Amino acid sequence: MVTRVGINGFGTIGKRVADAVAAQSDMEVVGVTKTGPSFGCDLAVRKGYPLYCTFDDLSKIAAFSESGYQCNGGLSDLLSSCDIIIDCSPGKVGAENLAKYKAAGVKSIFQGGEKHALTGMSYTSSANHFENLGVDCTRVVSCNTTGLSRTLVPLQEHCLELGGIEVNCVMIRRAADPGDSSKGPINAIKPVLKVPSHHGPDLMTVSPEIAITSLAVAVPTTIMHVHAITVNLPSGHGLDTEKVIAMWNSTARVLIMNGADTRITTTAEVMELARDIGRTWGDLHEIFVWEDGVSLQSDTLYYFQAIHQESDVIPENVDAIRALMGSEADWRTSVDRTDAAIAEFNGLS
Ligand SMILES: NC(=O)c1ccc[n+]([C@@H]2O[C@H](COP(=O)([O-])OP(=O)(O)OC[C@H]3O[C@@H](n4cnc5c(N)ncnc54)[C@H](OP(=O)(O)O)[C@@H]3O)[C@@H](O)[C@H]2O)c1
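The structure contained in this document is the topic of the report that follows. Keep in mind the model is a prediction, meaning the values are calculated, not measured. (Residues numbered from 1 in each chain as written. Predicted model: local features only at pLDDT ≥ 70, side-chain atom pairs only at ≥ 80, totals over all residues. Heavy atoms only, no water.)

### Examining unusual backbone geometry
How we decide: Helix numbers and strand numbers start at the N terminus; a helix is a DSSP run of H or I with at least 4 residues, a strand a run of E with at least 2.
With omega at 5 degrees, the peptide bond leading from Gly184 into Pro185 counts as cis. In this fold, Pro185 is placed in the loop between β7 (166–174) and β8 (190–191). The peptide bond linking Val195 to Pro196 adopts the cis configuration, its omega dihedral lying at -5 degrees. On the secondary structure map, Pro196 appears in the loop between β8 and α9 (199–203). Its identity as a non-glycine residue notwithstanding, Arg253 has a phi of 60 degrees, on the positive side. Inspection of the secondary structure assignment puts Arg253 in the loop between α10 (241–249) and β11 (254–257). Phi at Trp281 is positive, roughly 60 degrees, even though this residue is not glycine. When you line up the elements, Trp281 lands in the loop between α12 (267–277) and β12 (287–290).

In structure tokens:
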């Protein structure tokens, strides 16, 4: 069965989710929404994604055709033709949208700009795919939380029977996305004065047994986040630095490279590497870990990782669709399928 997927909001995340869904043989994009005519509509037209208006208001729908775009109707029309809707609207408009999805009887997936309380379920592929099987609504956690989940869940699974891990992390956040001219700072470092920041504890919405706190600062860069992470391991863990590196080397969607050997020493080179890989928009779905920045001293593990905020959540949305539709119960199988299809779509297989 092919799952009919609608995408509400065709911005930074929505346009990427649309491509990732279009790449899958068990899914099709039945439509994407924009609030009104703008340059982003051209992308939808070029990709062949049917265009809908975010709203049902007839004058807003008519504005598309007045600007030369074929608009297939409002959100209600899109909802009537899909099995599941991926809400990629700006954060905090979710409650209003969720009511519309529920009224239409359509399953929904929200993004990390919404709170866990909206959906009562959150998702990352490695932490809780199984718990999300068949549910009506979930939230793919933020780019930062997704990054934490990728490297911390395998460590937690290794240490579970010994009492689990305790984590402190400092999130060094990009100030804005590259295409966003409305945010800052542009010449300052801005600490998040809500302590702990929401990022670490958000991981507990998908992996509640990981004890974690976080601090965050925003810095004037647009390309990536960096996390500086300290993990206290329970005694008897049996790991050393090499074993931790080997663990992440065999973890899906984690890319671990030696900074000194590769001369990838900053996020600038990580993003250049991503552009070399050749995915659309120069995306890096993997979490990047500097091998030579990993150090396990006694029971304390230190490491740095970099997050491409615009894209690490994209393949997770595809896996989440399979979870909610109940079409694949095994998260590893879904991850392999998702990633292979995206690679083929980008001509990389
Ligand atoms: N950007 C990131 O780095 C990132 C990473 C992970 C998660 N997220 C989360 O993903 C979500 C989307 O973020 P984004 O960065 O993609 O935002 P974005 O680039 O601003 O795109 C938002 C899209 O939603 C549309 N929209 C505006 N109001 C809407 C409404 N009421 N209902 C439906 N759609 C509406 C916009 O339409 P127009 O184009 O017509 O204005 C735009 O296409 C947020 O929850 C965010 O927190 C973002």
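From this point on, the discussion continues.
### Some points on the packing of helix α1 (residues 12–22) against helix α13 (residues 314–325)
The test is simple: Axis definition: a line fit to C-alpha positions, over the contact stretch in the case of helices; interaxial angles, taken between N-to-C directions, run 0 to 180 degrees. Oblique is the label for any angle not covered by the other classes, which are roughly parallel (under 35 degrees), roughly antiparallel (over 145) and roughly perpendicular (65 to 115). By the definition used in this description, the sense in which the near helix is turned from the far one sets the handedness, with an anticlockwise turn below a right angle giving left-handed and a clockwise turn giving right-handed. By the convention used here, residues are in contact when the closest approach between their heavy atoms is within 4.5 Å. Charged residues are taken to be Asp, Glu, Lys and Arg, nonpolar residues to be Ala, Val, Leu, Ile, Met, Phe, Trp, Tyr, Cys and Pro, and polar residues to be all remaining types, Gly included.
Running from amino to carboxyl end, α1 crosses α13 at an angle of 55 degrees, the nearest separation of the two axes being 9 Å. What the angle tells us is that α1 and α13 run oblique. The two elements α1 and α13 meet at a crossing, and its hand is right-handed. Residue-level contacts link Ile13, Arg16, Val17, Ala20 and Val21 of α1 to Ile314, Asn317, Val318 and Ile321 of α13. Here the residues of the contact of α1 with α13 sort into seven nonpolar, one polar and one charged.

### As for the nonpolar core
One recurring pattern in soluble globular proteins is that nonpolar side chains are buried together. The condition that has to hold: Within this scheme, the nonpolar core is defined by two criteria: the residues are buried Ala, Val, Leu, Ile, Met, Phe, Trp, Tyr or Cys, and they are joined through side-chain atoms within 4.5 Å. In this scheme, a residue with accessible area under 20% of its type's maximum is buried, one over 50% is exposed, and one in between is partly exposed, where area comes from a 1.4 Å probe on protein chains only. Delimitation of the domains relies on an automatic or database domain assignment.
Core analysis: the biggest nonpolar cluster contains 41 residues, and Ile7 and Val32 have the highest contact counts within it. Among the elements that take part in this core, α13 stands out by supplying six residues, more than any other. For this core, the two domains that each supply at least three residues are domain 1 (3–141 + 313–345) and domain 2 (143–307). With sequence-adjacent residues up to four places away left out, Ile7 is seen in contact with Gly14, Val17, Ala18, Val29, Gly31, Val32, Thr33, Leu78, Ile85, Ile86 and Cys88. Formed by 29 residues, the second largest nonpolar core is a distinct cluster that contains Leu155, Val206, Ile212 and Tyr303.

### Let's talk about the pairing of strand β2 (residues 27–34)
The line we're drawing: Strand pairing is defined by DSSP finding a minimum of two bridges between the two strands. Here a crossover is taken to be right-handed if, once the strands point away from the viewer, the path from the first strand over the helix to the second is traced clockwise.
Buried residues dominate β2, accounting for seven of its eight residues. With five bridges connecting them, strand β1 (residues 3–8) and β2 associate as parallel partners. Across the sheet, Val5 pairs through a bridge with Val29, a residue of β2. Note on the crossover from β1 through α1 to β2: the handedness is right-handed. Pairing of β2 with strand β3 (residues 51–53), which is carried by three bridges, proceeds in the parallel orientation. If you follow Val32 over to β3, its bridge partner there is Leu51. Handedness of the crossover is the feature at issue here: the chain leaves β2, passes through helix α2 (residues 39–47), returns alongside β3, and the resulting connection is right-handed.

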